[in-house]
Amino acid sequence: MGLIRIENGVAVNVEDIPILPFDEFKDEILKFAETGHVVQHFAVPCCEIKDNETNNKNNDNENKTGYKIYTVLRNDGGLYVASTMVEDSYESLSQYNIKFHMFEREIAEQYGIIPKNHPWFKSVRYHKNYSGNPDAFGNDYTAPIPGNYPFYEVEGEEIHQVAVGPVHAGIIEPGHFRFNCMGETILHLEIQHGYQHRGIEKQLLNCKKNILAPLIESVAGDTVIGNSICFSEAVEGLSDYVADEHLLTYRRLLLEIERIANHVGTLGGLAGDVGYLPTASYYGRIRGDFLNMFVLICGNRFGRSSLRPFGAPFKLGNDHIKELIKRFEQLKKEVIDVGNLMLDNPEVLGRFDYTGIIDTETAKLIGLVGPAGRASGIEYDVRKSFSRARIIYDHGMELVARKDGAVSSRAKTYFYETINSIEFCIDLLKVADFQINDSSSKLEETALKPNSFIITMEEAWRGELSHCIITDEDGNIIRYKIKDPSFHNWTALELTVRNEGIYDFPLCNKSLTYHTVVLTFNEVYI
């Protein structure tokens, strides 16, 4: 087998990762992906390759830039990685397995490497590539509008198009939605991003070490804790530092608060979309109550500066713990009462049931993750499978999974996961020791392991979040790759609205946690 097994948060030497001939790589990866799932798939510019090494006999003395493509896959047996070398093009894997389609488009956008025979080749965002190669999409980057390509069109006299965005009515990052409709029925949706792309991954390669953590926190404002945990545990793994149970527990307490606040916000948004104001109003306030727990802990409503590698800048004293327990117990009752008010209402369920269905087969086909995946029958949660704190979760966290994959199923998944997380936090606060030795200031003096590859994963509120760091022979970071769960789940939104009324689009996108996904998707990738 050409793949080697790796562990979440454990560094491996780059030289130990197999570099397979492309045809062998393709066969191995596609065979695994039939039943497995893609965690990461990205390119790294790495060396000069002679043409005669790549079977080009015309210019034997000409050198070309080589790119190494890394693929990290998972199944019930663990995490695996392999790599291959390509030049300016390669045979697309997406034509055989749709799970790769966004990853290959991103590689093309970043480096101008063309996946030949890609079934739907278009840009993911809108920027010049970083290799100086000809643009893979023929985009004119002097034009102000991202997505300089013809949108898919359904032909027919009865067809009309509806364009939504990029400017939205709420406080939200821009994204364009192009609907092809027959009357009120959606036949096709195409989504275009990239209107406010910042290039954080590229910045991470060129900043001082003391800027790394604040940059990571700015990847997505609603996933500060999830991204900070992945970053911290990657740095610790590259430093041979083993976080103790106290630190792991502290981090997961904060992660669950972030998950709870966002799930409550999602449920409140769903209530608002069907005009059910009692739950919309109460959950709007309750979400703020959970965010204010971060104020108590670190002084910031989104948890900024609460997490760093090697320690915790803020301490949880006994008074803090007592106050948090009191708040959790009070809010648990309110979350349950207000949630049941909505989920027991026949008019609400009349809108939720049988709307925006993603069946289990489709969910597996596209690699759906997070609560949306679990609502479609996929029993996968990073916390129970790969988390560095798995032993903590095993004692108090249940996996919530449903079957039908409709809006109602996703709403109930968020609801029951929220209650589960609240109970988990109360139990942690009552029994855990949060006396942590803080060494978080040592990052600037820390030398990372040279020639190393590490991947970290966590169950952020939208699902599987992953960071990958590669270092050179001097221990400098030469590639920092971030994959947000949105990268898997945007395809689900395009599929779930087909043959639905356009009036149900808000329900479909909110139930797939769209309401802030755009921010993450646009801002995280270079």
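Preceding this section is the structure that the text describes.
Residues numbered from 1 in each chain as written. Predicted model: local features only at pLDDT ≥ 70, side-chain atom pairs only at ≥ 80, totals over all residues. Heavy atoms only, no water.

Q: Report on the overall build of the protein, specifying residues and quantitative values.
A: Within the protein one finds 17 helices and 14 strands. A compact globule built from 526 residues should have a C-alpha radius of gyration of about 24 Å, and the protein, at 23 Å, falls within 12% of that. Counting only C-alpha atoms, the protein reaches 75 × 65 × 40 Å along its principal axes. Here the protein, with 526 residues, has 59% of them falling under the buried criterion. Sequence-distant contacts in the protein: of pairs separated by 6 or more residues, those separated by 24 or more amount to 70%. Separation of charge centres in the protein, based on 53 positive and 74 negative side chains, amounts to 4 Å. (Helix = DSSP H or I, 4+ residues; strand = E, 2+ residues; numbered from the N terminus. Rg over C-alpha atoms; globule rule 2.2 N^0.38 Å. Buried < 20%, exposed > 50% of the residue type's maximum accessible area, 1.4 Å probe, protein only. Contact = heavy atoms within 4.5 Å. Lys, Arg positive; Asp, Glu negative; His and termini not counted. Charge placed at Lys NZ, Arg CZ, Asp CG, Glu CD.)

Q: Explain the side chain of D504 to me, and be specific about the residues and the numbers.
A: In this fold, D504 is placed in the loop between α15 (486–496) and α16 (505–511). A distance of 2.9 Å separates the side chain of D504 from the side chain of R351, its partner in a polar contact. With residues near it in sequence (within four places) discarded, D504 still touches R351 and T355. (Polar contact = N/O pair within 3.5 Å; in protein donor to acceptor, adjacent residues only side chain to side chain.)

Q: Which residues make up the pattern of salt bridges, and what values go with them?
A: By the definition in use, this model includes 32 salt bridges. For E323, the salt bridge identified is with R327, shortest N-O distance 2.9 Å. Highlighted residues: E323 and R327, both in helix α8 (residues 318–343), separated by 4 residues, approximately one helical turn. Note on E323: relative accessible area 27%, which makes it partly exposed. K483 is the partner of E464 in a salt bridge, and the nearest nitrogen-oxygen pair spans 2.4 Å. In this pair, E464 sits in strand β13 (residues 463–471) while K483 sits in strand β14 (residues 477–483), placing the two residues 19 residues apart along the sequence. Grouping residues by exposure puts E464 and K483 together as buried. (Salt bridge = Lys/Arg side-chain N within 4 Å of Asp/Glu carboxyl O.)

Q: How would you sum up the pairing of strand β6 (residues 78–86)? Please name residues and give values.
A: Side-chain positions along a regular strand alternate between the two faces of the sheet. For β6, a buried count of 8 out of 9 residues is recorded, marking the element as mostly surrounded by other parts of the structure. The pairing of strand β3 (residues 19–20) with β6 spans 2 bridges and is parallel. Its bridge partner lying in β6, L20 is registered against T84. (Pairing = 2+ DSSP bridges.)

Q: So what's going on with the nonpolar core? Residues and values would help.
A: One finds Y250, F290, F328 and F352 to be the most contacted residues of the largest nonpolar core, which totals 60 residues. Contributing elements (two or more residues each) for this core: α5 (224–237), α6 (245–273), α7 (277–298), α8, α9 (346–352), α13 (390–394) and α14 (407–431). Sorting elements by how many residues they give to this core places α6 first, with 13 residues. If near-sequence neighbours (up to four positions away) are discounted, Y250 is found in contact with I297, S306, L307, A312, F314, L316, F434 and I436. Counting 38 residues, the second-largest nonpolar core is a separate cluster that includes F179, L368, A372 and W490. (Core = buried A, V, L, I, M, F, W, Y, C linked by side-chain atoms within 4.5 Å.)

Q: Before we move on, could you go through the packing of α6 against α7 and cite the residues and values that matter?
A: Look at α6 against α7: their axes get within 8 Å of each other, and the N-to-C directions meet at 160°. Between α6 and α7, the angle falls in the class roughly antiparallel. In the packing of α6 onto α7, the handedness of the crossing is left-handed. Contact residues: Y250, L254, I257, E258, I260, A261, V264, G265, L267, G268, A271 and G272 in α6; T279, A280, Y283, I286, R287, F290, L291, M293, F294 and I297 in α7. (Axes fitted to C-alpha atoms, helices over the stretch in contact; angles between N-to-C directions. Parallel < 35°, antiparallel > 145°, perpendicular 65-115°, else oblique. Left-handed = near helix turned anticlockwise from the far one by under 90°.)

Q: Tell me about unusual backbone geometry, and name the residues and values.
A: In this model, G165 is joined to P166 through a cis peptide bond whose omega is 15°. Counting through the fold element by element, P166 comes out in the loop between β9 (159–164) and β10 (176–182). Its identity is not glycine, yet Y354 carries a phi of approximately 60°, on the positive side. Inspection of the secondary structure puts Y354 in the loop between α9 and α10 (360–366). What makes Y354 exposed here is its relative accessible area of 72%.

So, to be careful, I would describe these as geometric facts and stop short of saying anything about function.
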